[in-house]
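A look at the structure
For reference, the chains in residue letters:
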Amino acid sequence: QVQLVESGGGLVQAGGSLRLSCAASGMIVSVNNMGWYRQAPGKLRELVARITIGGSTMYADSVKGRFTISRDNAKNTVYLQMNSLKPEDTAVYYCNRLLFSGNSWHASGSWGQGTQVTVSS
């Protein structure tokens, strides 16, 4: 079955950087649209970055210019490089496959355990 395992989170000071990894098994990331979501306490889960099968990327306005999504086809892994981190980036980060439906992108698979990112001020 499909399994997505997120890792790389941690505690970092504002202005710091982290790189998150999403290792996939039971599926091939290069033939799927993939996204990174985050969920802060008391808030809805939001899509922050997306990479399509063709390699085009999209970012939420809140992270544009600071986050970069990429994938390594050989490792079947999707990454999220996060720079210039802010306290408001504190959340649990998840990856998932994406489907485009009804004029918007939606997560299409089961959620993993996520990885906690905490940014201190």
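Residues numbered from 1 in each chain as written. Predicted model: local features only at pLDDT ≥ 70, side-chain atom pairs only at ≥ 80, totals over all residues. Heavy atoms only, no water.

1. Things to note about the pattern of salt bridges
- A complete count under the given rule lists 4 salt bridges for this structure.
- Between Lys64 and Asp61 there is a salt bridge; the shortest N-O distance is 3.0 Å. Here Lys64 matches Asp61 in class, with each residue exposed.
- Each of Arg38, Glu46, Arg66 and Asp89 takes part in a single network of salt bridges with overlapping partners. (Salt bridge = Lys/Arg side-chain N within 4 Å of Asp/Glu carboxyl O. Buried < 20%, exposed > 50% of the residue type's maximum accessible area, 1.4 Å probe, protein only.)

2. Quick word on the state of the cysteines
- Per the counting criterion, the structure on display carries 1 disulfide.
- Note that Cys22 is cross-linked by a disulfide to Cys95, the S-S spacing being 1.8 Å. Taking the sign of the S-S torsion, about 60° here, the bridge from Cys22 to Cys95 comes out right-handed. With a gap of 73 residues between them, Cys22 in strand 3 (residues 18-25) and Cys95 in strand 9 (residues 91-101) connect regions that are remote in the sequence. Each member of the pair, Cys22 as well as Cys95, is classed as buried. (Disulfide = S-S within 2.5 Å. Helix = DSSP H or I, 4+ residues; strand = E, 2+ residues; numbered from the N terminus.)

3. Brief notes about the pairing of strand 10 (residues 104-107)
- As judged from the 4 bridges shared by strand 9 and strand 10, these two strands associate in the antiparallel manner. Bridge assignment links Ser101 to a residue of strand 10, and that residue is Ser104.
- Between the end of strand 9 and the start of strand 10, which pair antiparallel, lie 2 residues, with Gly102 showing a positive phi angle near 60°. (Pairing = 2+ DSSP bridges.)

4. Focus on the nonpolar core
- Core analysis: the biggest nonpolar cluster contains 28 residues, and Trp36, Phe67, Ile69, Leu80, Met82 and Tyr93 have the highest contact counts within it.
- Of all the elements in the fold, those that place two or more residues in this core are strand 3, strand 4 (33-39), strand 5 (46-51), strand 7 (67-72), strand 8 (77-82), strand 9 and strand 11 (115-120).
- Counting residues per element, this core draws most heavily on strand 3, which supplies 4 residues.
- In this structure Phe67 touches Arg38, Tyr59, Leu80, Gln81, Met82, Asn83, Leu85, Asp89 and Tyr93, once residues within four positions along its chain are discounted. (Core = buried A, V, L, I, M, F, W, Y, C linked by side-chain atoms within 4.5 Å. Contact = heavy atoms within 4.5 Å.)

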